[in-house]
Amino acid sequence: MKRVAVLGVTGSIGRQALEIVDSHPELELAAAASGSQPIDGLAPLTQVGGDLTELLERSEPDVVLNAVVGFAGLPATLWALERGVTLALANKESLVAAGELALQARERGGGLLLPVDSEHSAAFQCLEGREPEQVDSLVLTGSGGPFRGRTRDELEDVTPEEALAHPTWRMGPKITVDSATLANKGLELLEAHFLFGLPYDRIEVVLQPTSIVHALVRFRDGATLAHLGYPDMRVPISFALTYPERAATPIAPLDFSQGLVLEFEPPDLETFPLLALARRAGEQGGTFPCAFNAANEVAVAAFLEGRLSFLGIAATVEETLAAVEGAPARDLADLTEVDQAARRLAEKDLVA
Ligand SMILES: NC(=O)c1ccc[n+]([C@@H]2O[C@H](COP(=O)([O-])OP(=O)(O)OC[C@H]3O[C@@H](n4cnc5c(N)ncnc54)[C@H](OP(=O)(O)O)[C@@H]3O)[C@@H](O)[C@H]2O)c1
């Protein structure tokens, strides 16, 4: 039996994770947490809000599925990495914000860090068992979101409702807006750098509008491996929770009987500047990625509340990044300070 703790259990990923746990006899739900919604009786141990590491201490899980949204997931990520408890990570923001600190905790803990983000799960599977020197580069794919193909002028007045209408994935509101701005691909670029140890100039982003191809890895001999499947988060969730078994899921395999056309195009970095801003933050290193994430969280919340325009999200992040120092953090307290300072700057700089 694997005892699983699901953090963020009321969310899009959390609910799908419950489905996977329920359908697999070797998985047992040991603990569950939400941010504010009541979840009494859902698991033997539950917690609503507060310090989620207390729940993890009490429940002693074999696997932590971190599906909290945003920086709030960071203490749980560090808890699992530090103790060598298998971490199935959906909460990309924590790895982006903690960066090197998270990698050091993983080094000390020696446990498994299994990505749940579909692109990173795909890349992990293409990379598994390969020697680093065989790998040329990683290609992350993205659908391009609901506004792919639009000009900046056409984005001026878009509403949260329009941004929340994602063409291929049904997800929580924050990541759905991130997908519309391409901040999500930016966060994924940073996440991939820390997960796979590849420099930024060897990670490329390409759009594949139907979200069938999740990632590709190019090798030094000219071969490229790709991971394909219908867009359904239960696949990477199940892969991570049942690793290395790769248990069966109810999701249909790809069907070629009606033909299948795959199209790729480069992202429009001028119309959607957050991807390039994330890349620059990653190259600058230190706590620039943490500040990128914090400013983006503030700006997305303001957009969803109707206090900021869609284009204002990128403008706010850019202003914040220009104002921070980005010095490396020594510990979680340092990081929390950087996060808070960037949030204050972003809130002050909200660019209408
Ligand atoms: N959805 C996807 O398909 C998908 C794909 C790839 C990666 N991810 C990543 O997975 C994470 C979750 O995404 P989601 O779409 O599932 O988000 P979501 O639907 O908005 O759910 C977020 C979950 O986090 C909980 N939460 C929020 N703040 C919290 C806090 N301070 N402490 C504890 N729990 C808190 C929420 O609890 P309440 O309900 O009580 O507020 C909810 O259970 C994000 O990092 C996202 O980037 C998601």
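A few points on the structure.

Cut-offs used in this document
Residues numbered from 1 in each chain as written. Predicted model: local features only at pLDDT ≥ 70, side-chain atom pairs only at ≥ 80, totals over all residues. Heavy atoms only, no water. Buried < 20%, exposed > 50% of the residue type's maximum accessible area, 1.4 Å probe, protein only. Helix = DSSP H or I, 4+ residues; strand = E, 2+ residues; numbered from the N terminus. Contact = heavy atoms within 4.5 Å. Near = heavy atom within 4 Å. Polar contact = N/O pair within 3.5 Å; in protein donor to acceptor, adjacent residues only side chain to side chain. Areas by Shrake-Rupley, 256 points an atom, 1.4 Å probe, with all protein chains shown as cover. Nonpolar A, V, L, I, M, F, W, Y, C, P; charged D, E, K, R; others polar. Phe/Tyr/Trp six-rings, centres within 6.5 Å; stacked < 30°, edge-to-face > 60°. Pairing = 2+ DSSP bridges. Axes fitted to C-alpha atoms, helices over the stretch in contact; angles between N-to-C directions. Patch = residues over 30% accessible without salt bridge, like charges linked within 9 Å, V, L, I, M, F, W, Y side chains within 5 Å. Salt bridge = Lys/Arg side-chain N within 4 Å of Asp/Glu carboxyl O. Lys, Arg positive; Asp, Glu negative; His and termini not counted. Charge placed at Lys NZ, Arg CZ, Asp CG, Glu CD.

## Here's the deal with helix α13 (residues 310-323)
Listed in full, the buried residues belonging to α13 are F310, L311, G312, I313, A314, T316, V317, T320 and L321. Of the surrounding secondary structure, the elements contacted by the buried residues of α13 are α7 (160-163), α8 (173-181), α11 (274-284), α12 (288-304) and α14 (332-349).

## Section: the site of the ligand
Close contacts around the ligand come from 25 residues, with T10, S36, Q37, E93 and G172 the closest. Residue T10 places a side-chain N or O atom 2.5 Å away from an oxygen atom belonging to the ligand. Relative to its unbound accessible area of 900 Å², the ligand is 85% covered by the protein chains. A breakdown of the residues in the shell around the ligand according to their chemical character gives 12 nonpolar, 10 polar and 3 charged.

## Describing helix α10 (residues 234-242)
By the criterion of burial, α10 is predominantly enclosed, with 8 of the 9 residues buried. Taken as a whole, α10 has its buried residues at R234, P236, I237, S238, F239, A240, L241 and T242.

## Quick look at the packing of aromatic side chains
Overall, the coordinates contain 5 aromatic pairs when judged by the stated rule. With centroids separated by 5.1 Å and ring planes inclined at 85°, the aromatic side chains of F147 and F310 adopt a geometry described as edge-to-face. Here F310 lies in helix α13 and F147 lies in the loop between β7 (135-142) and α7, a separation of 163 residues in the sequence. In terms of burial, F147 and F310 fall into one category: buried. When the ring of F303 is compared with that of F310, the centres are 5.7 Å apart and the planes differ by 70°; the resulting orientation is edge-to-face. Of the two residues, F303 and F310, neither departs from the other in class, the shared state being buried.

## Some details on the sheet that holds strand β9 (residues 213-219)
Taken in spatial order, the 4 strands of this open sheet run β8-β7-β9-β10, and their pairing is mixed. Each edge of the open sheet is held by one strand with a lone partner, namely β8 (203-207) and β10 (224-228). Direction aside, neighbouring strands of the sheet carry axes that sit 20° apart on average. In the packing of helix α6 (residues 118-127) onto the sheet, contacts are made with β7, β9 and β10, and the angle to β9 comes to roughly 35°. Where helix α9 (residues 183-196) meets the sheet, its contacts fall on β7 and β8, and the angle it forms with β7 comes to roughly 150°.

## Here we look at a negative patch on the surface
A cluster of like negative charges, contributed by D153, E154, E156, D157, E161 and E162, occupies part of the molecular surface. When you line up the elements, E154 lands in the loop between β7 and α7. The exposure class of E154 is partly exposed, given its relative accessible area of 45%.

## Comments concerning the sheet that holds strand β4 (residues 63-66)
Within the open sheet, the 6 strands sit side by side as β3-β2-β1-β4-β5-β6. Their pairing is parallel. Pairing within the sheet leaves two strands with one partner each, and these edge strands are β3 (45-48) and β6 (113-115). Ignoring strand direction, the axes of neighbouring strands in this sheet form an average angle of 20°. Both strand β5 (residues 86-89) and β6 contribute to a ladder of 3 bridges, which runs parallel.

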